[in-house]
Structure formats: structure tokens, C-alpha cells
Amino acid sequence: MKLYRFFAILFLVLGCLGLVAFFGGMRSVNAGVFVFPFVLSLLFWMLYRKNNR
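Residues numbered from 1 in each chain as written. Predicted model: local features only at pLDDT ≥ 70, side-chain atom pairs only at ≥ 80, totals over all residues. Heavy atoms only, no water.

S.K.: Would you explain the packing of helix 1 (residues 2–24) against helix 2 (residues 32–51) in this entry?
M.R.: Relative orientation and spacing of two packed helices are given, respectively, by the angle between their axes and the distance between those axes. Where helix 1 meets helix 2, the closest approach of the two axes is 7 Å, and the angle between their N-to-C directions is 160°. Between helix 1 and helix 2, the angle falls in the class roughly antiparallel. Our pair here, helix 1 against helix 2, has a crossing hand that is left-handed. Here the residues of the contact of helix 1 with helix 2 are counted per class, giving 19 nonpolar, 4 polar and 1 charged. (Axes fitted to C-alpha atoms, helices over the stretch in contact; angles between N-to-C directions. Helix = DSSP H or I, 4+ residues; strand = E, 2+ residues; numbered from the N terminus. Parallel < 35°, antiparallel > 145°, perpendicular 65-115°, else oblique. Left-handed = near helix turned anticlockwise from the far one by under 90°. Nonpolar A, V, L, I, M, F, W, Y, C, P; charged D, E, K, R; others polar.)

Now the structure itself:
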């Protein structure tokens, strides 16, 4: 289940980049650019923790 951990970290990084783009004003983006990856990251992290117990 290392794939779940990989996806959790990947979506966390994408969410952080989206957060920087949203608050940094580099581009005109909506809030979904960082909310959706954070939600997916949380989902994959919970799946990873569930399968490693």
C-alpha cells in the first residue's frame, strides 16, 4: 500500500502549490485548486493508515 502513501504525498504537494498560487496572486485561480488536492491527500493518507494496521 505504498501507492496510497505516494498519492497522499503527491496530492499534498499539489495542494501546497495551489495554495501558494491562490494566495500569492501569481495567477487568477479559484479555491478548488488547493482544497480538492488536500481532500484527496487526506483520503489517501487515511487509506494508507487503515491498511497498515
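S.K.: Teacher, can you tell me more about a nonpolar patch on the surface here?
M.R.: There is a patch of nonpolar side chains on the surface, built from L3, F6, I9, L10, V13, L14 and L17 and spanning about 650 Å² of accessible area. Residue placement: F6 occurs in helix 1. (Patch = residues over 30% accessible without salt bridge, like charges linked within 9 Å, V, L, I, M, F, W, Y side chains within 5 Å. Areas by Shrake-Rupley, 256 points an atom, 1.4 Å probe, with all protein chains shown as cover. Salt bridge = Lys/Arg side-chain N within 4 Å of Asp/Glu carboxyl O.)

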